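Observations on the model geometry
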Amino acid sequence: MKKSRKLRNWDNKTWLSSKAYITQFNKFLKTKINFNKNLKILDIGCGRANIISALQRKYKLKNKPIGIDIISNKGVKKNIIFKRVDALKYLDKKEKYDLILIKQTIHFFSKINLNRLLNLTKKRLNTRGKILIFSLKTKNNKIPCFKKMRKNLKKSLKRDEVLFKIIKKNLKKISYTNFNFKVNISKQKYVRMIKERYISCLLNMSNKDIKFGISEIESKYKNQIKFTDTLKCISYKR
Ligand SMILES: C[S@@+](CC[C@H](N)C(=O)[O-])C[C@H]1O[C@@H](n2cnc3c(N)ncnc32)[C@H](O)[C@@H]1O
């Protein structure tokens, strides 16, 4: 049986963990949330917890933000509380939060489990608490891809559209905005990210496909790759 790989390099020294990205992302969060030191934050699928770590540094929250993930990666930030646990299990607890962040994580859930996740998440919100869900924009996505990668990504984004419908049906009163980040990355660095299978649509490809894909990227792009990484933000308020 083919061994299924895990996503480990998403935020491992990529633009997604860069200071510029985290700063801009947290500025965006500020347009949605009135931050103060009493805020309780939960980040579902937090990866290395760069976002909540920066929030903790800036707002010196009385309760350290909690980040949960099924994988415990090397280099998880230390100034937050990290728990290696499945979100569906963790949300069974009674604690409540003012902000529950679910960034680039919904695509890991089946349709049934996404509904479970949303039902549990709603129950874990304080009065006036907010759920913010971020996910890649599905139309005209600019992530640089080789052919097979684009095919996989398109398939995954099609599925995301179904997940968005589930979210709309479940949460009802939601609003949408976009978070845009202008990426300027050297081709060499991007090739390394592909080699390290930074994005889910690369996880199940053969080494041969990756090698072939990299040569496609090598010939298709100039030394510096520029594009806009756009996330759809779905906001729900209790
Ligand atoms: C693409 S990464 C996003 C990381 C981080 N939110 C960010 O945007 O930088 C998605 C993360 O969700 C985690 N994940 C997937 N299924 C999960 C589950 N059932 N419970 C908790 N975390 C999960 C993965 O291990 C991975 O670290």
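Residues numbered from 1 in each chain as written. Predicted model: local features only at pLDDT ≥ 70, side-chain atom pairs only at ≥ 80, totals over all residues. Heavy atoms only, no water.

Things to note about the overall build of the protein chain
Within the protein chain, the secondary structure is distributed over seven helices and seven strands. Overall, the C-alpha framework of the protein chain stretches about 55 × 35 × 35 Å when taken along its three principal axes. Across the 238 residues that make up the protein chain, the buried fraction comes to 51%. Contacts spanning at least 24 positions in sequence make up 77% of the contacts within the protein chain whose residues lie at least 6 apart. Of the roughly 13300 Å² of accessible surface on the protein chain, 51% is carried by carbon and sulfur atoms. (Helix = DSSP H or I, 4+ residues; strand = E, 2+ residues; numbered from the N terminus. Buried < 20%, exposed > 50% of the residue type's maximum accessible area, 1.4 Å probe, protein only. Contact = heavy atoms within 4.5 Å. Areas by Shrake-Rupley, 256 points an atom, 1.4 Å probe, with all protein chains shown as cover.)

Looking at helix α2 (residues 50-59)
The α-helix advances 3.6 residues per turn, and as a result positions three or four apart in sequence lie on the same side. The element α2 is largely enclosed, with a buried count of eight among its ten residues. Those residues of α2 lying buried are Asn 50, Ile 51, Ile 52, Ser 53, Ala 54, Leu 55, Gln 56 and Tyr 59. Of the residues trailing α2, Lys 60 is marked for its positive phi of about 45°.

Observations regarding the site of the ligand
In the vicinity of the ligand there are 16 residues, among which Trp 10, Gly 45, Asp 69, Ala 87 and Lys 103 approach most closely. Residue Gly 45 places a main-chain N or O atom 2.7 Å away from a nitrogen atom belonging to the ligand. The separation between an oxygen atom of the ligand and a polar side-chain atom of Thr 105 is 3.4 Å. Considered on its own, the ligand offers 600 Å² of accessible surface; in the complex 95% of this is hidden by protein. (Near = heavy atom within 4 Å. Polar contact = N/O pair within 3.5 Å; in protein donor to acceptor, adjacent residues only side chain to side chain.)

Some words on the sheet that holds strand β5 (residues 125-136)
Within the open sheet, the seven strands sit side by side as β3-β2-β1-β4-β5-β7-β6. Their pairing is mixed. A strand with exactly one partner marks an edge of an open sheet, and here the two such strands are β3 (81-84) and β6 (174-186). Pairs of neighbouring strands in the sheet enclose a mean axial angle of 20°, with direction left out of account. Across seven bridges, β5 lies against strand β7 (residues 224-237) in antiparallel orientation. The residue of β7 that forms the bridge with Leu 132 is Ser 235. Docked against the sheet, helix α1 (residues 19-30) engages β4 (97-103), β5, β6 and β7, running at close to 165° with respect to β6. Strands in contact with α2 are β1 (41-44), β2 (66-69) and β4; relative to β1, the strand with the most contacts, it is inclined by about 165°. (Pairing = 2+ DSSP bridges. Axes fitted to C-alpha atoms, helices over the stretch in contact; angles between N-to-C directions.)

Quick look at the environment of Arg 197
Tracing the chain through its elements places Arg 197 in the loop between α6 (187-195) and α7 (207-220). Separated by 88 residues in the primary sequence, Arg 197 and Phe 109 have C-alpha atoms spaced 19 Å apart. Here Arg 197 is in contact with Arg 5, Leu 7, Leu 202, Leu 203, Met 205, Ser 206, Asn 207 and Ile 210, once residues within four sequence places are set aside.

Thoughts on the state of the cysteines
What the rule picks out here adds up to zero disulfides. We note that Cys 233 lacks a disulfide partner, and the nearest cysteine sulfur, in Cys 46, lies 18 Å from it. (Disulfide = S-S within 2.5 Å.)

Comments concerning the packing of α1 against α2
Orientation of α1 relative to α2, taken along the N-to-C sense of each, is 70°, at an axis distance of 10 Å. Relative to α2, α1 is oriented roughly perpendicular. Remark: the crossing between α1 and α2 carries right-handed chirality. Contact with α1, carried on its side by Ile 22, Phe 25, Asn 26, Leu 29 and Lys 30, involves Asn 50, Ile 51, Ala 54, Leu 55 and Tyr 59 of α2 and no other residues of that element. Class assignment of the residues belonging to the contact of α1 with α2 gives a composition of seven nonpolar, two polar and one charged. (Parallel < 35°, antiparallel > 145°, perpendicular 65-115°, else oblique. Left-handed = near helix turned anticlockwise from the far one by under 90°. Nonpolar A, V, L, I, M, F, W, Y, C, P; charged D, E, K, R; others polar.)

Overview of the nonpolar core
Core analysis: the largest hydrophobic core is formed by 55 residues, its most contacted members being Trp 15, Phe 134, Ile 143, Met 149, Tyr 190 and Tyr 198. Once residues lying within four places of it in the same chain are set aside, the contact partners of Tyr 198 are Leu 7, Asn 9, Trp 10, Trp 15, Ile 143, Met 149, Tyr 190 and Met 193. One finds Leu 117, Leu 120, Leu 163 and Ile 174 within the second-largest nonpolar core, a separate group that totals 28 residues. (Core = buried A, V, L, I, M, F, W, Y, C linked by side-chain atoms within 4.5 Å.)

Comments concerning the packing of aromatic side chains
For the structure on display, the rule yields twelve aromatic pairs. Members of the aromatic cluster, joined through ring pairs, are Tyr 21, Phe 25, Phe 28, Phe 134, Phe 179 and Phe 181. Across from the ring centre of Phe 25, 5.2 Å away, lies the NZ or CZ of Lys 103, which sits over that ring. Geometry around Phe 164 places Lys 232 over its ring, the cationic atom sitting 4.5 Å from the centre. (Phe/Tyr/Trp six-rings, centres within 6.5 Å; stacked < 30°, edge-to-face > 60°. Lys NZ or Arg CZ within 6 Å of the ring centre and 35° of its normal.)

Digging into the pattern of salt bridges
If you walk through the whole model with that rule in mind, you get three salt bridges. Among the salt bridges present, the one from Glu 161 reaches Lys 139, with a minimum N-O distance of 3.2 Å. With Glu 161 in helix α5 (residues 147-171) and Lys 139 in the loop between β5 and α5, the pair connects residues that are 22 residues apart, well separated along the chain. Exposure remark for Glu 161: the relative accessible area of 23% places this residue in the partly exposed category. (Salt bridge = Lys/Arg side-chain N within 4 Å of Asp/Glu carboxyl O.)

That's the geometry; what it means functionally is another story.
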